[in-house]
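One letter stands for each residue in the lines below.
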Amino acid sequence: MFSINPNSGEPIYRQLTEQVKRMVAGGQLLPGAELPSVRELAAQYAINPMTISKAYSLLEAEGLLERQRGKPMTIAAASAPSQTEASRLQQLLPQLQQLALAADQLQLSKEIVISTLSNLLDRMSDDA
């Protein structure tokens, strides 16, 4: 469900929160959908349960998740997916800017970067 990179410069809790936000905005997680438990995710990704709990708590504070005692965290009813492709693309813009900067610093051509990104996206849709 999630793609966690412990070697990333981005904290794991932030990786989780950003992925949940994007999946809700993209309609992959709909209102009422249950998220894996803290223990399940901790075991699956071999990370500290407090890290997952922090991510879930932040998402709950933002109104994206709902907590019901004894039940899994669910996507809040009020968190409908984003309506426009432009607003979803806006969420991706910071990562695209970082990609463009890194490609420029590595002196990679626009064509090779776009081709590589296209291949990665193709592979991800094949796995889905």
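An unreviewed UniProt entry lists the protein chain under the name GntR family transcriptional regulator, with Alishewanella jeotgali KCTC 22429 given as the organism.

J.: Would you mind going over the side chain of Gln15 with me for this structure?
T.: In this structure, Gln15 sits in helix α1 (residues 12-25). We classify Gln15 as buried; its relative accessible area is 6%. Among all residues touching Gln15, those that are not within four sequence positions of it are Ser3, Ile4, Asn5, Ser8 and Glu10.

J.: When you look at a nonpolar patch on the surface in this model, what are you seeing that I'm missing?
T.: A cluster of nonpolar residues, Leu89, Leu92, Leu93, Leu96, Leu99, Leu117, Leu120, Leu121 and Met124, forms a patch on the protein surface that exposes about 750 Å² of accessible area. At the level of secondary structure, the elements contributing two or more residues to the nonpolar patch comprise α4 (85-105) and α5 (110-127). With 5 residues, α4 is the largest single contributor of residues to the nonpolar patch. You can see Leu93 is positioned in helix α4. According to the relative accessible area criterion, Leu93 is partly exposed, its value standing at 33%.

J.: Before we go on, may I ask you to explain the packing of aromatic side chains in this structure?
T.: In this description, an aromatic ring pair is defined by two values, namely the gap between the centres and the angle between the planes. A complete count under the given rule lists 0 aromatic pairs for this structure. Across from the ring centre of Tyr13, 3.9 Å away, lies the NZ or CZ of Lys54, which sits over that ring.

J.: In this structure, what is going on with the environment of Arg22? I would like to understand it.
T.: By the secondary structure assignment, Arg22 is in helix α1. The spacing of Arg22 and Gln107 is 85 residues in sequence and 30 Å in space, taken between C-alpha atoms. If sequence neighbours within four positions are ignored, Arg22 has contacts with Gln91 and Gln95.

J.: How do you make sense of the packing of α1 against helix α3 (residues 49-61) when you look at a structure like this?
T.: Axes are the key here: two packed helices are described by the angle between their axes and the distance separating the axes. Here α1 crosses α3 at 40 degrees, and the two axes come no closer than 8 Å. Here α1 lies oblique to α3, going by the angle between them. Crossing hand, α1 versus α3: right-handed. Contact with α1, carried on its side by Ile12, Tyr13, Leu16, Thr17, Val20 and Lys21, involves Thr51, Ile52, Lys54, Ala55, Leu58 and Leu59 of α3 and no other residues of that element. Split into classes, the residues belonging to the contact of α1 with α3 amount to 8 nonpolar, 2 polar and 2 charged.

What counts and what doesn't
Sequence order as written defines residue numbering, which begins from 1 separately in each chain. In keeping with the model being predicted, local features are shown solely for residues with a pLDDT of at least 70 and side-chain atom pairs are shown and tallied solely at 80 or more, while totals for entire chains, interfaces and linings include all residues. Each side-chain value is worked out from all heavy atoms of the structure, with water and hydrogens disregarded. Runs of E in the DSSP output that reach at least two residues are strands. Runs of H or I that reach at least four are helices, and both are numbered from the N terminus. Under the scheme applied here, a residue whose accessible area is under 20% of the maximum for its type counts as buried, over 50% as exposed, and between as partly exposed, the area being computed with a 1.4 Å probe on protein chains only. Note on contacts: a residue pair is in contact if any heavy atoms of the two residues lie within 4.5 Å. The residues that make up patches have over 30% relative accessible area and no salt bridge, and they are joined within 9 Å when like-charged or within 5 Å when they are Val, Leu, Ile, Met, Phe, Trp or Tyr. All accessible-area figures derive from a Shrake-Rupley calculation using a 1.4 Å probe, and residue coverage is judged against the displayed protein chains alone. Every case where a carboxyl oxygen of Asp or Glu lies within 4 Å of a side-chain nitrogen of Lys or Arg is listed as a salt bridge. Note on aromatic contacts: the rings of Phe and Tyr and the six-membered ring of Trp form a pair at centre separations within 6.5 Å, being stacked when their planes are under 30 degrees apart, edge-to-face when over 60 apart, and tilted otherwise. A positively charged side chain is recorded as over a ring if its NZ (Lys) or CZ (Arg) lies within 6 Å of the ring centre. The angle to the ring normal must also be within 35 degrees. Only the contacting stretch of a helix is used when fitting its axis, a line to C-alpha atoms as for every element, and angles between N-to-C directions run 0 to 180 degrees. An angle counts as roughly parallel when it lies under 35 degrees, as roughly antiparallel when it exceeds 145, as roughly perpendicular when it falls between 65 and 115, and as oblique in every other case. Note: crossing handedness is left-handed where the near helix turns anticlockwise from the far helix by less than a right angle, and right-handed where it turns clockwise. Side-chain classes are defined by residue name, with Ala, Val, Leu, Ile, Met, Phe, Trp, Tyr, Cys and Pro counting as nonpolar, Asp, Glu, Lys and Arg as charged, and the others, Gly among them, as polar.

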